[in-house]
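# What the coordinates show
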Amino acid sequence: MSDAAKSRPSLTELAFTFNHISLASFGGGLSAWSREVVVVEKKWMSEEEFLSILTMCRILPGANQVNVAIFVGAKFLGLPGAGAAVFGLTFLPAVLILLLGAAYFQYSHLPALQDALKGAAAGAIALTLSMAFKTGRKCLLGAVPWILFAVTFFLNGILRWPLFGVLALTAPLALLWAWPKAK
Amino acid sequence: MKDDGLNLIHVLILFSSLSLLSIGGGNTVIPEMHRKAVESYSWMNGKQFADLFAISQAAPGPSILLVTLIGYKAAGITGAVLATLAMILPAGILVYLVSRLWSRSADSPLRSAIERGFAPLTVGLVLASGWVMSKSADHDWRAWLLTGACTLLCTTTKTNPILIVGGAALIGWLGWL
């Protein structure tokens, strides 16, 4: 069924893996963490499959990382797999954020924590930037991918076009370029 | 008690509809969440909403857990659970169906075109989100320096990312940012 699937994980392994991804992502950078674990560590997906799913998950409704968990979980174990991955991704972080939220409403601010989170955010942004560099080294081979990449970054990052405007322009060009030649 | 019951219904309706409207990711419906939670239902004030947003961005896990906090403020723990499920399930079911189509189409030309063609777009979007995040947070030159050093470390070495983010958090906690 799939190229990079080494061995099929169990429901527990899916839940634990996504829990691990989720808890590691304090400060943000969840996409980078998913890639680190799903592609690099577990080799559950190839780089290209993961990246293409990431963009599909941004197009579809729902939180991007929840959607990624659904795709990964369902790939191996169908609906129970998707459920296990989403449960792992959200359960403990939801408990944790409730504790933080309760503390916030109790004391109305979280001073020491805010400083730490600011640092963590600076680090997490670094993970995201470095994910772009690492995947770029592998995927941006040739002039066309470079142009597609640069236009997407420029429109979305610099001009701040909304996702759909950007993809309406770049996705058809990307598909046209990547469409398999008749055998 | 009566208010809680009414709030639960509002929570359910609000987040299950936002779930399907959150095309492009959870962040796209945050203005609408703000409008309803602060202006329509008065569950909290604008400052509280902004603070909860900051907590949900920085806390581990998907940032959509902002809805857990809003649900909690609106109707306690039950509200928190309900908001989370309402936000995840409708879109989740749709995404699950799409993922089934995806895995069944392993040999289709469309799938291989998406896999090959979307990769460069994704790299562009990921770089854009890192760029936008670093510009939006109150990122001064010290935070930029830290981000730059961490990026270099993470790109060129095999340092465990948890050490990088943990170290950055420590630097923040010590008040150096």
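What you are looking at is a predicted structure, and each value in this text was computed from that prediction instead of being measured.

Cut-offs used in this document
Residues numbered from 1 in each chain as written. Chains lettered and ligands numbered in written order. Predicted model: local features only at pLDDT ≥ 70, side-chain atom pairs only at ≥ 80, totals over all residues. Helix = DSSP H or I, 4+ residues; strand = E, 2+ residues; numbered from the N terminus. Expected span 1.5 Å × (residues − 1). Buried ≥ 20, exposed ≤ 12 C-beta atoms within 10 Å, placed from the backbone. Arc of directions from axis to C-beta. Core = buried A, V, L, I, M, F, W, Y, C linked by C-beta atoms within 7 Å. Contact = placed C-beta atoms within 7 Å. pLDDT = per-residue confidence, 0-100. Axes fitted to C-alpha atoms, helices over the stretch in contact; angles between N-to-C directions. Parallel < 35°, antiparallel > 145°, perpendicular 65-115°, else oblique. Left-handed = near helix turned anticlockwise from the far one by under 90°. Nonpolar A, V, L, I, M, F, W, Y, C, P; charged D, E, K, R; others polar.

### Observations regarding the overall build of chain A
- Helix and strand counts for chain A stand at seven helices and zero strands.
- N-terminal to C-terminal, the α/β element order of chain A is α-α-α-α-α-α-α.
- Along the first, second and third principal axes, the C-alpha atoms of chain A reach 65 × 40 × 25 Å.

### Thoughts on helix α6 (residues 141–156) of chain B
All names here are of chain B.
- Compared with an ideal rise of 1.5 Å per residue, which puts 16 residues at 22 Å, α6 spans 22 Å between its outermost C-alpha atoms and is within 8% of the ideal.
- Where α6 is concerned, the buried positions are Ala-143, Leu-146, Thr-147, Cys-150, Thr-151 and Cys-154. Viewed end-on, α6 has its buried residues packed into an arc of 135 degrees, placing them on one side of the element. Turned more than 90 degrees away from the buried face of α6, the exposed residues are Trp-141, Leu-145 and Thr-156.

### Considerations on the nonpolar core
- Core analysis: the biggest nonpolar cluster contains 107 residues, and Ile-70, Ala-85 and Ala-120 of chain A together with Ile-70 of chain B have the highest contact counts within it.
- With 17 residues, helix α4 (residues 64–107) of chain A is the single largest residue contributor to this core.
- With residues up to four places along the chain from it excluded, the contact list for Ala-120 of chain A reads Phe-26 and Gly-27 of chain A together with Ala-58, Val-165, Ala-168, Ala-169 and Gly-172 of chain B.

### Focus on the confidence of the model for chain A
- The predicted model of chain A averages 90 in pLDDT, with 93% of residues at 70 or higher.
- Long-range and interchain partners of residues 1–5 of chain A, a stretch whose pLDDT sits below 50, account for eleven contacts in this model, where long-range means more than four residues apart.

### A word on the packing of helix α3 (residues 46–58) of chain B against helix α4 (residues 66–104) of chain B
All names here are of chain B.
- Viewed as axis vectors pointing N to C, α3 and α4 meet at an angle of 140 degrees, and their least axial separation amounts to 9 Å. One finds that α3 runs oblique with respect to α4. Here α3 runs over α4; the crossing is right-handed. The residues of α4 that touch α3, namely those facing Leu-52, Phe-53, Ile-55 and Ser-56, are Leu-66, Leu-69 and Ile-70.
- Residue classes in the contact of α3 with α4 are distributed as six nonpolar, one polar and no charged.

### Here's the deal with helix α7 (residues 161–173) of chain B
Residue and element names in this part refer to chain B.
- For α7, with 13 residues, the first-to-last C-alpha span of 18 Å sits near the 18 Å given by 1.5 Å per residue.
- Those residues of α7 not exposed but buried are Pro-161, Ile-164, Val-165, Ala-168, Ala-169, Ile-171 and Gly-172. The arc that holds the buried residues of α7, viewed along the axis, is 160 degrees, so those residues lie on one side.
- Just past α7, the residue Gly-175 takes up positive phi, approximately 85 degrees.

### Observations concerning the interface of chain A and chain B
- Between chain A and chain B, the contact holds 87 residues from the first and 80 residues from the second.
- For the side of chain A that touches chain B, the elements supplying multiple residues, two or more each, are α1 (11–24), α2 (30–41), α3 (47–59), α4, α5 (111–139), α6 (143–158) and α7 (163–178) of chain A.
- With 24 residues, the single largest contributor to the side of chain A that touches chain B is α5 of chain A.
- Its residues placed into classes, the side of chain A that touches chain B shows 55 nonpolar, 24 polar and eight charged.

### Looking at the packing of α1 of chain A against α2 of chain A
All names here are of chain A.
- It is at 9 Å that the axes of α1 and α2 come closest, and there the two elements cross at 145 degrees. As for the relative orientation of α1 and α2, their crossing is right-handed in sense. Between α1 and α2, the contacting residues are Thr-17, His-20, Ile-21 and Ala-24 on the first element and Trp-33, Ser-34 and Val-37 on the second.
- Grouping the amino acids of the contact of α1 with α2 by side-chain chemistry returns four nonpolar, three polar and no charged.

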